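One-letter residues, chain by chain:
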Amino acid sequence: PDQPDDELAIRRRRRRTRILAGLVAAVLALAVGLGGVVYPMVQQRQAQVAQVLLEQQLYAAPDSVTTTTALPGGGQATFVASRQLDRAVFVGTDLPDPGANRYQLWTVTGSNLNKPTGVFRDAQAADRGSEVKLFFSGNVAEADYLAVNLEPAGGTSATPTTPVLAVGPTT
């Protein structure tokens, strides 16, 4: 028949079980920790790749229009627009320091820039550097012009409160 285990053998098995459980817990904690670090990096990389693909599609669109304008005080603004894709991007190069303000993008409808029929607030650039790329989020397909000006940080009214710095047509 079965012989009972001696007390020393029982202790050894319990100790091995505890050590093995501790090792499994440590490996699991390490895996979760690495996942928490790696996942945001993967998400950020996927967003960068998606933005590059959107830019490439925009530049390659058959109706793509590119306009580059020198800004007062230095730097330049480039607008790339495609009505067919309903997409546009603003590329600011060597933008002057806006101080307490931010660069504000606008979509404009109407044939006369001095008396537009519609002006719609779009994205606001939060950063500044040698090159700032910012996609328009509004309805580019129906806009006649894209514009940029300086507005107070955090937002503004429905219409520009300061003069427009640069304009680019969508057709």
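Above: the structure in question.
Keep in mind the model is a prediction, meaning the values are calculated, not measured. (Residues numbered from 1 in each chain as written. Predicted model: local features only at pLDDT ≥ 70, side-chain atom pairs only at ≥ 80, totals over all residues. Heavy atoms only, no water.)

K.L.:
How would you summarise the sheet that holds strand β4 (residues 101-109) if you had to cite specific residues and measurements?
P.N.:
If you trace the 4 strands from one edge of the open sheet to the other, you get β5-β4-β7-β8, paired in antiparallel fashion. Edge positions in the open sheet fall to β5 (118-125) and β8 (164-169), since each of these has one partner strand only. When the angles between neighbouring strand axes are averaged without regard to direction, this sheet yields 30°. (Pairing = 2+ DSSP bridges. Helix = DSSP H or I, 4+ residues; strand = E, 2+ residues; numbered from the N terminus. Axes fitted to C-alpha atoms, helices over the stretch in contact; angles between N-to-C directions.)

K.L.:
Could you give an account of the pairing of β4, naming the residues involved and the relevant values?
P.N.:
The side chains of a regular strand alternate between the sheet's two faces. Within β4, 7 of the 9 residues are buried, which leaves it mostly tucked inside the rest of the structure. The pairing of β4 with strand β7 (residues 145-152) spans 8 bridges and is classified as antiparallel. Counted as the bridge partner of Asn-101 is Pro-152 from β7. Sheet topology places β4 next to β5; 6 bridges connect them, and they run antiparallel. Looking at β5, one finds that Thr-109 is bridged to Gly-118. (Buried < 20%, exposed > 50% of the residue type's maximum accessible area, 1.4 Å probe, protein only.)

K.L.:
Report on the packing of aromatic side chains, specifying residues and quantitative values.
P.N.:
In the structure shown here, the tally under the stated rule is 2 aromatic pairs. Through a chain of ring-to-ring contacts, the aromatic side chains of Phe-79, Phe-90 and Phe-136 assemble into a single cluster. (Phe/Tyr/Trp six-rings, centres within 6.5 Å; stacked < 30°, edge-to-face > 60°.)

K.L.:
Which residues make up the sheet that holds strand β3 (residues 87-93), and what values go with them?
P.N.:
The 4 strands lie next to each other as β1-β2-β3-β6, forming an open sheet whose pairing is antiparallel. Each of the sheet's edge strands pairs with one partner strand only, and the pair in question is β1 (65-70) and β6 (131-135). Geometrically, the sheet is characterised by an average inter-axis angle of 15° between neighbouring strands, direction not taken into account. Sheet topology note: the strand β2 (residues 76-82)/β3 ladder contains 7 bridges and is antiparallel.

K.L.:
Go over the environment of Asp-6 with me, naming the residues and quoting the values.
P.N.:
Secondary-structure assignment places Asp-6 in the segment before α1 (7-60). Overall, Asp-6 belongs to the partly exposed group, its relative accessible area being 47%. Reaching out from Asp-6, the side chain makes a polar contact with the backbone nitrogen of Ala-9 at a distance of 2.9 Å. (Polar contact = N/O pair within 3.5 Å; in protein donor to acceptor, adjacent residues only side chain to side chain.)

K.L.:
I'd like a description of a positive patch on the surface, backed by residues and values.
P.N.:
A grouping of Arg-12, Arg-14, Arg-15, Arg-16 and Arg-18 is seen on the molecular surface, where their side chains present a positively charged patch. Checked against the element boundaries, Arg-12 lands in helix α1. Of the residues examined, Arg-12 reaches a relative accessible area of 43% and is grouped as partly exposed. (Patch = residues over 30% accessible without salt bridge, like charges linked within 9 Å, V, L, I, M, F, W, Y side chains within 5 Å. Areas by Shrake-Rupley, 256 points an atom, 1.4 Å probe, with all protein chains shown as cover. Salt bridge = Lys/Arg side-chain N within 4 Å of Asp/Glu carboxyl O. Lys, Arg positive; Asp, Glu negative; His and termini not counted. Charge placed at Lys NZ, Arg CZ, Asp CG, Glu CD.)

K.L.:
Break down unusual backbone geometry for me, citing the residues and quoting the values.
P.N.:
Positive phi values are uncommon outside glycine, yet Asp-86 reaches one of about 55°. A relative accessible area of 36% places Asp-86 in the partly exposed class.

K.L.:
Describe the environment of Glu-151, listing the residues and the values that go with them.
P.N.:
Positionally, Glu-151 belongs in strand β7. C-alpha of Glu-151 to C-alpha of Thr-162: the two residues are 11 residues apart in sequence and 6.8 Å apart in space. Of the polar contacts made by the side chain of Glu-151, one reaches the side chain of Thr-161; its length is 2.3 Å.

K.L.:
Outline the side chain of Thr-109, supporting the account with residue identities and numerical values.
P.N.:
Mapped onto the secondary structure, Thr-109 falls in strand β4. Setting aside its immediate chain neighbours within four residues, Thr-109 contacts Pro-116, Thr-117, Gly-118, Phe-120, Glu-142, Ala-143 and Asp-144. (Contact = heavy atoms within 4.5 Å.)

K.L.:
Before we move on, can you summarise a nonpolar patch on the surface with the specific residues and values?
P.N.:
A cluster of nonpolar side chains, contributed by Leu-30, Leu-34, Val-37, Val-38, Met-41 and Val-42, occupies part of the molecular surface with about 550 Å² of accessible area. Summarising the element assignment, Leu-30 is placed in helix α1. Overall, the relative accessible area of 54% leaves Leu-30 in the exposed class.

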